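Notes for the structure review
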Amino acid sequence: MIQKMKQKLPKWFNGTKYKEGKTVRNRFSGEEYELNNIELSMYDLVMGATLMIEMGMHHDSLLNDHSKGLRWFRINNIEAYMVLLD
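Okay, so let's go over this structure. If you're wondering where the values come from, they're calculated on a predicted model, not measured in any experiment.

One broad trend across soluble globular proteins is that nonpolar side chains are buried collectively. Ranked by size, the top nonpolar core spans 20 residues in total, and within it Leu35, Met42, Tyr43, Phe73, Leu84 and Leu85 carry the most contacts. Elements with a minimum of two residues in this core: strand 2 (32-35), helix 1 (37-54), helix 2 (60-76) and helix 3 (78-85). A total of 7 residues in this core trace back to one element, the largest contributor, which is helix 1. Setting aside anything within four residues of it in sequence, one finds tyrosine 43 in contact with Val24, Arg25, Leu35, Phe73, Leu84 and Leu85.

Moving on: the packing of aromatic side chains. Overall, the coordinates contain 1 aromatic pair when judged by the stated rule. Taking 5.2 Å as the distance between ring centres and 85° as the angle between the ring planes, the aromatic pair formed by tryptophan 72 and phenylalanine 73 counts as edge-to-face. Taken as a pair, tryptophan 72 and phenylalanine 73 share a single burial class, namely buried.

Right, let's get into the pairing of strand 1 (residues 22-25). Relative to strand 2, strand 1 is paired through 4 bridges, and the arrangement is antiparallel. Paired with threonine 23 across the bridge in strand 2 is glutamate 34. Linkage of strand 1 to strand 2, two consecutive antiparallel strands, is achieved through a turn of 6 residues, within which glycine 30 is found at a positive phi near 80°.

Inspection of every chain in the model, using the stated rule, returns 2 salt bridges. One salt bridge in this structure joins glutamate 32 and arginine 25, with 2.6 Å as the shortest N-O distance.

Following both chains from N to C, one finds helix 1 and helix 2 inclined at 140°, their axes separated by 9 Å at the closest point. Judged by the inter-axis angle, helix 1 sits oblique to helix 2. Read as a crossing pair, helix 1 and helix 2 show a hand that is left-handed. Counted together, Ile38, Glu39, Met42, Tyr43, Leu45, Val46, Ala49, Thr50, Met52 and Ile53 of helix 1 and Leu62, Leu63, Asp65, His66, Gly69, Leu70, Trp72 and Phe73 of helix 2 form the full contact between these two elements. When the residues that make up the contact of helix 1 with helix 2 are grouped by side-chain class, the tally is 13 nonpolar, 3 polar and 2 charged.

As a further point, take the environment of glycine 30. Residue position: glycine 30 is located in the loop between strand 1 and strand 2. Residue glycine 30 is classed as partly exposed on the basis of its relative accessible area of 30%. The spatial distance from the C-alpha of glycine 30 to the C-alpha of methionine 55 is 22 Å, given a sequence separation of 25 residues.

The rules behind the values
- Throughout this description, residue numbers start from 1 for each chain and increase along the sequence as written.
- Totals for whole chains, interfaces and linings use every residue, but because this is a predicted model, local features are given only for residues with pLDDT of at least 70 and side-chain atom pairs only at 80 or more, for both listing and counting.
- Heavy atoms from the whole structure form the basis of all side-chain values; hydrogens and water molecules are not counted.
- What is meant by a nonpolar core is a set of buried Ala, Val, Leu, Ile, Met, Phe, Trp, Tyr and Cys residues, joined one to another through side-chain atoms within 4.5 Å.
- Note on classification: 1.4 Å probe, protein chains only; a residue is buried when its accessible area is under 20% of the maximum for its type, exposed when over 50%, partly exposed between these limits.
- Secondary structure counts use DSSP, requiring at least four H or I residues in a row for a helix and at least two E residues in a row for a strand, with both numbered from the N terminus.
- Residue contacts are defined here by distance: any two heavy atoms, one from each residue, within 4.5 Å place the two residues in contact.
- Each Phe, Tyr or Trp ring, with Trp reduced to its six-membered ring, pairs with another whose centre is within 6.5 Å; inter-plane angles below 30 degrees give stacked pairs, above 60 give edge-to-face pairs, and intermediate values give tilted ones.
- Each pair of strands is called paired provided DSSP finds at least two bridges between the two strands.
- What counts as a salt bridge is simple: a side-chain nitrogen of Lys or Arg found within 4 Å of a carboxyl oxygen of Asp or Glu.
- Inter-axis angles, ranging from 0 to 180 degrees, are taken between N-to-C directions of lines fitted to C-alpha atoms, where helices are fitted over the stretch in contact.
- In these notes the angle categories are as follows: under 35 degrees is roughly parallel, over 145 is roughly antiparallel, 65 to 115 is roughly perpendicular, and the rest is oblique.
- In this scheme the handedness of a crossing depends on how the near helix is turned from the far one: anticlockwise by less than a right angle means left-handed, clockwise means right-handed.
- For this classification, Asp, Glu, Lys and Arg are treated as charged, while Ala, Val, Leu, Ile, Met, Phe, Trp, Tyr, Cys and Pro are nonpolar and the rest, including Gly, are polar.

Distances and angles like these do not, on their own, reveal function.
So this is what it looks like as structure tokens:
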């Protein structure tokens, strides 16, 4: 088993920081993954940005946060990224 380093939300993160994690389901595949509170906070930011982009809102800051959030997941939990966001 790969040991994870202590995760932290980056300084640019401007979403809600949750106190607890939960199981999240991929909206397309139905596959589930258990996220800790830090991962869930970032996932919520990424998915909120995803939905806004899908609705046609293409603001630079929104696109930037979305891209940085996906990058954060690839670095901090590639398995969760592959199950939920890839």
